[in-house]
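# Summary of structural features
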Amino acid sequence: MTWNIELINSFFTLENAQKIANIRIPFTGDDRLVWLHTKNGEFSVKTCYKALYGEINYLHNPHPSQPTYKALWSFPTLHKIHLFLWKCIENALPTGVRLSQYRNQVDTCCLCDTNSDESAEHLFLHCDYAKTVWEKLSLVTMQLQGILQTQVLGLAWCIWRDRCFKTFQNQTVTPLSIANHALKLLADTDACMPAPIVPLDRSVVPIQSPDNSGLPEHCRILYGDASYEYDTNEEGSGPVLTDLTGSFEGCKIIKGVARSAEEAECIALIEGIKWKENKGITTFCIRSDAKSAINYFKNNNHQLCWFNQTILDDCRFILNNFPFSRVDYVNRIFISIADKAAKHCRRNNVTGEWTGEKPDFLLDL
């Protein structure tokens, strides 16, 4: 089943037509409405709220950098500094510039004599008083081989604290005392942090070798693996075929694009199955280190994302047409040949197929 490219091009722009043509058409299932912000595709108020406030990412951007809020609240510092940083990030710090949105005047910086508007950038970076405080901290911390992140954030909080003292109580603290107070905050932070968790001494569990019991005499082994590039979404699939003794029979590498490493692993499985179907091989065992995908085959594990479930449902649909097929999870050390084929495919941007003789990039295995 393929798209009618001519019909699509007649209705849509070239850019949109290409996007439609790249959508995989499932073999099974019915059309349904899907909520893009949950793994199971079902709507929830929680994810709706997060999507509206920019705290959740769309599926077309599956590899964002670490969310700001998660990084903020997990940073090892005091809670009052967490709150201070959160206000800075949200532009909620009540500086003169920020408060001018609600009144007809802008307060100037009370810590220096430059008559500059009191913005957060000026207060912490350009204010003469703040510059002196940063210099004093450098003198106090010479023995620490540089200023730590916690000290920098603590010192920014101290500058804000001193600004509030000056604004509301007309009190002034010297830059050196502010620097010393920042160091005290560092000591308080260390005292409040939980002790590091000592890992348990776990005995080494032996890796179980693949099990050939129950396989027919002429069964083939299909090793499936994928290589995924996080920054570009490029993926390479490298299914490799052997007999029960491990003798190489064939390999195919397919270059593609995926939204996540999980999808890349699912694509590798269906590409391998379709390859065997086209070659007329009807008795085979699939082996992969994609544990979540294999669990879905065995017991409908719904931890997979909804669009990956549709790929594996199509795998099942194809496998039902074979007289014998089995899907096994194996440790990654046993699929190194498929791993190398997939990496060669992605890194070199190539697609190809080999039968009988190993390709050059697999000769050392």
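Residues numbered from 1 in each chain as written. Predicted model: local features only at pLDDT ≥ 70, side-chain atom pairs only at ≥ 80, totals over all residues. Heavy atoms only, no water.

## Points about the overall build of the chain
Per the secondary structure count, the chain includes 14 helices and eight strands. Counting over 365 residues, the chain shows a buried share of 38%. Here the chain displays about 21900 Å² of accessible surface, and carbon together with sulfur accounts for 53% of that area. (Helix = DSSP H or I, 4+ residues; strand = E, 2+ residues; numbered from the N terminus. Buried < 20%, exposed > 50% of the residue type's maximum accessible area, 1.4 Å probe, protein only. Areas by Shrake-Rupley, 256 points an atom, 1.4 Å probe, with all protein chains shown as cover.)

## So, the side chain of S227
Along the chain, S227 turns up in strand β2 (residues 226-228). Given the relative accessible area of 6%, S227 is considered buried. Of note is the side chain of S227, whose polar atom sits 2.6 Å from the side chain of R346. In contact with S227, other than residues within four places in its own chain, are E234, E235, G236, A342, K343 and R346. (Polar contact = N/O pair within 3.5 Å; in protein donor to acceptor, adjacent residues only side chain to side chain. Contact = heavy atoms within 4.5 Å.)

## Notes on the nonpolar core
What tends to happen in soluble globular proteins is that the nonpolar side chains get buried as a cluster. In this structure, I286, L312 and L319 are the most contacted members of the largest nonpolar core, which totals 29 residues. Among the elements that make up this core, the one with the highest residue count is helix α11 (residues 261-278) (eight residues). With residues up to four places along the chain from it excluded, the contact list for L319 reads I273, F284, I286, F297, S325 and V327. Within the second largest apolar cluster, 25 residues are counted, among which are L72, Y129, C158 and L185. (Core = buried A, V, L, I, M, F, W, Y, C linked by side-chain atoms within 4.5 Å.)

## Points about the pairing of strand β6 (residues 283-288)
Within β6, five of the six residues are buried, which leaves the element mostly enclosed by the surrounding structure. Summarising the sheet, β6 and strand β7 (residues 324-329) pair through six bridges and their orientation is parallel. What sits directly across from S288, in β7, is Y329. (Pairing = 2+ DSSP bridges.)

## Section: the confidence of the model for the chain
On average, residues of the chain score 84 in pLDDT, and 88% of them are at 70 or above. Counting interchain partners and residues more than four positions distant, the pLDDT-below-50 stretch residues 58-65 has 13 contacts. (pLDDT = per-residue confidence, 0-100.)

## Re the packing of helix α12 (residues 291-299) against helix α13 (residues 306-319)
It is at 11 Å that the axes of α12 and α13 come closest, and there the two elements cross at 55°. Between α12 and α13, the crossing angle belongs to the class labelled oblique. Our pair here, α12 against α13, has a crossing hand that is right-handed. Contact residues: A293, Y296 and F297 in α12; Q309, L312, D313, C315, R316 and L319 in α13. (Axes fitted to C-alpha atoms, helices over the stretch in contact; angles between N-to-C directions. Parallel < 35°, antiparallel > 145°, perpendicular 65-115°, else oblique. Left-handed = near helix turned anticlockwise from the far one by under 90°.)

## Digging into the environment of I23
Within the secondary structure layout, I23 lies in the loop between α2 (14-21) and α3 (45-52). Note: C-alpha distance between I23 and W3 (20 residues apart in sequence) is 9.0 Å.

## Remarks on α12
The set of residues buried in α12 consists of A293, I294, Y296 and F297. What you see down the axis of α12 is that its buried residues fit within an arc of 155°, all on one side. Opposite the buried face of α12, by more than 90 degrees, sit the exposed residues K298 and N299. On its buried side, α12 packs onto α11, β6, α13 and β7. (Arc of directions from axis to C-beta.)

## Things to note about the state of the cysteines
Summed over all chains, the structure comprises zero disulfides. No disulfide involves C285; its sulfur sits 5.9 Å from that of C219, the nearest cysteine. C285 gets classed as buried once you look at its relative accessible area, which sits at 0%. (Disulfide = S-S within 2.5 Å.)

## So, a nonpolar patch on the surface
Taken together, the side chains of W3, I5 and I23 present a nonpolar region at the surface, about 270 Å² in accessible area. The residue W3 is located in the segment before α1 (5-11) in this model. Assessed through its relative accessible area of 34%, W3 is described here as partly exposed. (Patch = residues over 30% accessible without salt bridge, like charges linked within 9 Å, V, L, I, M, F, W, Y side chains within 5 Å. Salt bridge = Lys/Arg side-chain N within 4 Å of Asp/Glu carboxyl O.)

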